Amino acid sequence: MSDCLVIGGGVIGMMTARTLALSGAKVTLLDQSQCAQESSWAGGGIISPLYPWKYDDLTNELSIASQQVYEQLCAQIHEDTGLDPQYLKSGLLMMDEFDTPEANAWLERYNLDYEKHPKGALFTNIAQVRNPRLLKALKADIINKGVNIIEHTKVEGLLTEGDRAIGVITDQKKYMADHIVVCSGAWSSQWLSLSEEIFPMKGQMIVLKAKPSEVAHIVLDQGRYIIPRKDGRILVGSTMQKVGFDRSTDEQTCQALHQFAALRFEALANATVEYHWSGFRPASASAKVMLGRHGEFDNVYLNTGHFRNGLNMAPESAKRITQLITHEV
């Protein structure tokens with residue numbers, strides 16, 4: 001029996017498992033397929049909301065607090081595992097919406113500013129990670145810290161005694177624990193009743209093979225982004241499609257994303273599309289993260305519904321859930 005069961009092995013689940021393990025908890029993490037293969041892997045790795053003034057206070061609090069620790073966190077994980085998450089403070093060039101009254105009010109509230117740039121506003125402190133590499137390193141790190149990872153095990157529901165959850169039922173067996181943390185993203189509503197339904201919002205992305213330094217900064221315009229990696233590869237994304245768990249990609253979207261990048265950087269027009277994929281963001285009607293205790297069970301905790309911001313909110317989300325659990329103990 002574990003102190004804590006973490007359901008879901010994306011960046012939210014693994015970061016939560018890591019923080020709980022560091023607090024001294026015995027942690028088991030369950031994933032229905034393989035850790036780090038869904039939304040966290042599919043995203044861009046930007047450590048910031050795209051337009052932060054469009055989000056609620058909690059999203060901004062979690063994001064800002066996480067931004068402050070990410071560099072040291074990645075350095076520590078690199079040191080402990082030998083795997084480099086490739087944290088890079090590349091800055092974010094925002095080409096639209098940065099000078100609206102809403103944006104200006106947000107910048108004043110948080111005492112932030114940007115550098116003027118010929119093409120928009122340059123937020124110099126925004127960083128990125130190579131998210132597939134961060135996730136690989138994070139998985140190795142939590143295994144080293146004693147987290148028991150059980151993959152290819154689908155949770156089907158809670159096991160309850162009266163008004164308390166005592167574990168979960170899976171397609172393999174029952175798992176018992178004192179505390180259960182729901183980090184199953186877009187799949188959360190499939191096995192647990194929530195106050196608000198979480199559903200998948202598909203996004204398609206491509207990666208272009210280009211020369212290093214072809215693009216200097218992350219670029220954001222019209223809700224889409226261009227992300228330069230250290231090796232010259234360029235990620236371009238992403239779409240918003242409410243189509244359920246449909247993983248398909250289409251050539252029309254691929255061409256539209258490529259054109260979006262080429263219109264802003266002419267050199268990318270002839271760049272080769274190396275990969276084209278999709279992922280499922282955990283969305284809800286309110287677009288608000290669910291962070292805290294479940295309404296019915298005091299020992300069931302929600303850390304889900306992060307939509308586009310799971311990676312950039314993960315460290316602080318994990319910290320707050322861990323504080324809830326350890327303070328109770």
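For the structure itself, look to the data block above.
Since this is a predicted model, take the numbers as computed values, not measurements. Here the residue numbering is sequential within each chain, running from 1 through the sequence in written order. Per-residue local features of the predicted model are confined to residues with pLDDT of at least 70, and side-chain atom pairs are confined, for both listing and counting, to 80 or more; whole-chain, interface and lining totals are unaffected and use all residues. Note: side-chain values were computed over all heavy atoms of the structure, leaving out hydrogens and water.

S.K.: Please clarify how the packing of helix α1 (residues 11–22) against helix α5 (residues 131–144) should be interpreted in this entry.
M.R.: How two helices sit against one another is set out by the angle between their axes and by the gap between those axes. Here, axes are lines fitted to C-alpha atoms. For helices the fit covers the stretch in contact, and angles between N-to-C directions go from 0 to 180 degrees. A run of DSSP states H or I qualifies as a helix once it reaches four residues; a run of E qualifies as a strand once it reaches two. Both are numbered from the N-terminal end. Remark: α1 packs on α5, axes separated minimally by 10 Å, with the N-to-C direction vectors making an angle of 30°. When the axis of α1 is compared with that of α5, the two are roughly parallel. Handedness of the crossing formed by α1 with α5: left-handed. Across the interface between the two elements, V11, M14, M15, A17 and R18 of α1 pack against L135, L138, K139, D141 and I142 of α5. When its residues are assigned to classes, the contact of α1 with α5 shows seven nonpolar, no polar and three charged. An angle counts as roughly parallel when it lies under 35 degrees, as roughly antiparallel when it exceeds 145, as roughly perpendicular when it falls between 65 and 115, and as oblique in every other case. We call a crossing left-handed when the near helix sits turned anticlockwise from the far one by less than a right angle, and right-handed when that turn is clockwise. When checking whether two residues touch, look at their non-hydrogen atoms; a contact exists if any pair is within 4.5 Å. Under the convention adopted here, Pro, Cys and the residues Ala, Val, Leu, Ile, Met, Phe, Trp and Tyr are nonpolar, Asp, Glu, Lys and Arg are charged, and Gly plus all remaining residues are polar.

S.K.: How do you make sense of the sheet that holds strand β13 (residues 233–237) when you look at a structure like this?
M.R.: Sheets are built from strands that pair by backbone hydrogen bonding, the pairs being arranged parallel or antiparallel. DSSP-based pairing: two strands are paired if at least 2 bridges between them are found. Taken together, the eight strands give an open sheet; going across it, the order is β4-β5-β3-β11-β12-β13-β10-β14, and neighbouring strands pair in mixed fashion. Two strands bound the open sheet, and with one partner strand each, they are β4 (115–117) and β14 (272–283). Direction aside, neighbouring strands of the sheet carry axes that sit 25° apart on average. The pairing of strand β10 (residues 199–209) with β13 spans five bridges and is antiparallel. Along β13, the bridge assignment pairs I206 with V236. Running at roughly 55° to β10, helix α7 (residues 251–264) makes contact with β10, β11 (218–221), β12 (224–228), β13 and β14 of the sheet.

S.K.: Can you walk me through the nonpolar core in this structure?
M.R.: Nonpolar side chains in soluble globular proteins tend to end up buried together. To define a nonpolar core, start from buried Ala, Val, Leu, Ile, Met, Phe, Trp, Tyr and Cys residues and group those joined through side-chain atoms within 4.5 Å. Residue exposure (1.4 Å probe, protein chains only): buried if accessible area is under 20% of the type maximum, exposed if over 50%, otherwise partly exposed. V11, L29 and Y70 are the most contacted members of the largest nonpolar core, which has 37 residues in total. Of all the secondary structure elements, the ones that give two or more residues to this core are β1 (2–7), α1, β2 (27–30), α3 (57–81), α5 and α8 (310–328). With seven residues, the top contributor of residues to this core is α1. If near-sequence neighbours (up to four positions away) are discounted, V11 is found in contact with S40, Y70, L135, L138, G310, L311 and A314. L92, F98, A121 and V207 belong to the second-largest nonpolar core, a separate cluster that totals 22 residues.

S.K.: Would you mind going over the packing of α1 against α3 with me for this structure?
M.R.: Following both chains from N to C, one finds α1 and α3 inclined at 75°, their axes separated by 14 Å at the closest point. Between α1 and α3, the angle falls in the class roughly perpendicular. In contact with V11, M15 and R18 of α1, α3 contributes Y70, L73, Q76 and I77. In terms of residue class, the contact of α1 with α3 is built from five nonpolar, one polar and one charged.

S.K.: So what exactly am I meant to see when it comes to the packing of aromatic side chains here?
M.R.: Two numbers describe a pair of aromatic rings. These are the distance of the centres and the angle of the planes. Only centres within 6.5 Å qualify two rings of Phe, Tyr or Trp (six-membered ring in Trp) as a pair; their planes then separate them into stacked at under 30 degrees, edge-to-face at over 60, and tilted for everything else. Tallying each qualifying case throughout the model produces nine aromatic pairs. Geometrically, the ring pair formed by F98 and Y114 is edge-to-face, given 5.6 Å between the ring centres and 75° between the ring planes. Here Y114 lies in the loop between α4 (101–109) and β4 and F98 lies in the loop between β3 (92–94) and α4, a separation of 16 residues in the sequence. We classify F98 as buried; its relative accessible area is 14%. Ring geometry for Y114 against F123: centres 5.4 Å apart, planes inclined by 55°, an arrangement best described as tilted. Since its relative accessible area comes to 11%, F123 is described here as buried. Pairwise contacts between aromatic rings join Y51, W53, W106 and Y110 into one cluster. The ring of F265 carries K119 above its face, with NZ or CZ at 5.1 Å from the centroid. When the ring centre of F199 is taken as reference, the NZ or CZ atom of K242 above it lies at 4.2 Å. Look at NZ for Lys and CZ for Arg. If either is within 6 Å of the ring centre and within 35 degrees of the ring normal, a charge sits over the ring.

S.K.: Whenever I open this one, the environment of C183 confuses me. Can you help?
M.R.: In this structure, C183 sits in the loop between β9 (174–182) and α6 (188–191). According to the relative accessible area criterion, C183 is buried, its value standing at 7%. Sequence spacing of C183 and A17 is 166 residues, and the spatial spacing of their C-alpha atoms is 10.0 Å.

S.K.: Explain the pairing of strand β5 (residues 120–123) to me, please; I cannot follow it from the model alone.
M.R.: Each regular strand carries side chains that alternate between the two faces of the sheet. One ladder, built from three bridges, connects β3 with β5; its direction is antiparallel. Residue pairing across strands places L92 opposite F123, the latter belonging to β5. As paired elements, β4 and β5 share three bridges and run antiparallel to each other. Opposite H117, over in β5, you have G120 as the bridge partner. With antiparallel pairing between neighbouring strands as the criterion, β4 and β5 make up a hairpin whose turn holds two residues.

S.K.: Can you help me understand the pattern of salt bridges in this one?
M.R.: Two side chains with opposite charge may pair up if their charged atoms get near one another. Salt bridges are identified by distance alone: a Lys or Arg side-chain nitrogen within 4 Å of an Asp or Glu carboxyl oxygen. Tallied over the entire structure, the rule returns 14 salt bridges. With a shortest N-O distance of 3.9 Å, D246 and K202 are connected by a salt bridge. You can see D246 sitting in the loop between β13 and α7 and its partner K202 sitting in strand β10, a full 44 residues away along the chain. Relative accessible area serves as the criterion here: at 33%, D246 is assigned to the partly exposed category. Between R233 and E274 there is a salt bridge, with the nearest N and O atoms lying 2.6 Å from each other. Note that R233 is positioned in strand β13 and E274 in strand β14, a separation of 41 residues in sequence.

These figures capture arrangement, not role.
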